[in-house]
Amino acid sequence: MKITLLFLVILLCSSCTGKDDKMPAAQKISLEITPGEQLLQKAISSPGPGVVKVEIKGMVFEPKDISVNKGDTVLWINKDIFVHDVTEIHSKKWSSQQIEPGTAWAMIVNEPAEYYCSIHVVMKGSIQLN
Amino acid sequence: MKKPKVLKTIALLSAAIFLSAFTDNPKLTDAEIASVAVVANQIDISYAEIAKEKSKDKEILNFAQTMATDHTAIIAQASALVKKLGVTPKDNAVSKQLLSDAENTKKMLRSKSGDAFNKAYVDNEVAYHKAVISAVRDLLIPQAQNKELKELLQAVLPALETHLHHAETIQKNGTHNKH
């Protein structure tokens, strides 16, 4: 059974070293989930090793501070009724662009970061590496 | 300096006017609560529209856009809910007074320009959000009969508190024209 899902492309963050390198904007794509991609969908719905889920709800990132292994994927899921984004706070090195309610954005993490929602600037979170 | 004190007083008066709509502890039906909720959001959108016309400050413009977007989203949620429940928002003395008083605030904002406008807008946003939070938490939520309406009002509170925190941050940093 084909399932249609609105999903944001997982972005590689391995090149986030120089100020001149800007992360490509997150792309929203509509995917038909085939049996071969059900594993990815499972990671979204039930994160296992290597995938860390952060829920955006009630104007907070939950959990606010996370510790991950280098190369893990962080998946931000917007369960709020408002549009949010996740943006690296100091040099705006990376940004999800807008994450609509009910959609998600993911990023492979290779370095620690502090981030915020650039729309609601008091919403903040952090990523530490184990 | 006298000017900032005067502006702050005006903002506090605006909040007092807002709260005065509730000082008689009016008893509101769910239809009336829905109307008050929608009107309160519409008022902040109208303040944001004035800010987007008049301010050149990047922080103010970002904040105003966020207010317009978020309060529009809240109205959309409220509208969907009342449609689902078959409730028609009912104008009432409270919603009418809010609209009437908002006209005075808009007149005050339109009379300002530059840094004076920026400060007046932010001071009003702080005062207005404090007043709305108090009204939602202490009056609308306790009086709401329908469970889903009560839950929507409760779900909106964190957003109002975040807006207040955001406005207070701008207020604390001071406003100045940035491009």
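These figures come from a predicted structure and were not determined experimentally.

Here is what the cut-offs are and how they apply
Residues numbered from 1 in each chain as written. Chains lettered and ligands numbered in written order. Predicted model: local features only at pLDDT ≥ 70, side-chain atom pairs only at ≥ 80, totals over all residues. Heavy atoms only, no water. Helix = DSSP H or I, 4+ residues; strand = E, 2+ residues; numbered from the N terminus. Buried < 20%, exposed > 50% of the residue type's maximum accessible area, 1.4 Å probe, protein only. Contact = heavy atoms within 4.5 Å. Areas by Shrake-Rupley, 256 points an atom, 1.4 Å probe, with all protein chains shown as cover. Pairing = 2+ DSSP bridges. Expected span 1.5 Å × (residues − 1). Bend = angle between axes of the 7 residues up to and from the residue. Polar contact = N/O pair within 3.5 Å; in protein donor to acceptor, adjacent residues only side chain to side chain.

## Describing the overall build of chain B
- In terms of helices and strands, chain B carries six helices and zero strands.
- From first element to last, N terminus to C terminus, chain B shows the α and β order α-α-α-α-α-α.
- Taking all 179 residues of chain B together, 52% fall into the buried category.
- Nonlocal contacts in chain B, meaning residues at least 24 apart in sequence, comprise 84% of its contacts between residues at least 6 apart.
- Roughly 8,800 Å² of accessible area belongs to chain B as shown, and the carbon and sulfur atoms make up 56% of that amount.

## Here we look at the pairing of strand E9 (residues 113–116) of chain A
Residue and element names in this part refer to chain A.
- Judged from the two bridges that link them, strand E7 (residues 87–88) and E9 form a sheet pairing that is antiparallel. Across the sheet, glutamate 88 pairs through a bridge with tyrosine 115, a residue of E9.
- Where E9 lies against strand E10 (residues 124–129), four bridges are found, and the strand directions are antiparallel. Considered in E10, the bridge of tyrosine 115 is made with glycine 125.

## Points about the sheet that holds E10 of chain A
All names here are of chain A.
- Reading across from one edge, E5-E10-E9-E7 is the order of the four strands in this open sheet, with mixed pairing throughout. Sheet topology places strand E5 (65–68) and E7 at the edges, where each strand pairs with a single neighbour.
- The pairing of E5 with E10 spans four bridges and is parallel. Bridging from a neighbouring strand, aspartate 65 pairs with serine 126 of E10.

## Quick notes on helix H2 (residues 30–54) of chain B
- Helix length check: H2 of chain B (25 residues) gives 37 Å between terminal C-alpha atoms against 36 Å at 1.5 Å per residue, within 8%.
- Buried residues dominate H2 of chain B, accounting for 20 of its 25 residues.

## Side note on helix H5 (residues 114–143) of chain B
All names here are of chain B.
- Along its 30 residues, H5 runs 41 Å from first to last C-alpha, staying within 8% of the 44 Å computed at 1.5 Å per residue.
- Its axis deflected by about 40 degrees at valine 136, H5 carries its strongest bend there.
- The buried count for H5 comes to 22 of 30 residues, which makes it a mostly enclosed element.

## So, the side chain of threonine 103 of chain A
Residues and elements named next belong to chain A.
- Here threonine 103 is to be found in the loop between E7 and strand E8 (104–108).
- Judged by its relative accessible area of 7%, threonine 103 is buried.
- Separated by 2.7 Å, the side chain of threonine 103 and the backbone oxygen of glutamate 100 make a polar contact.

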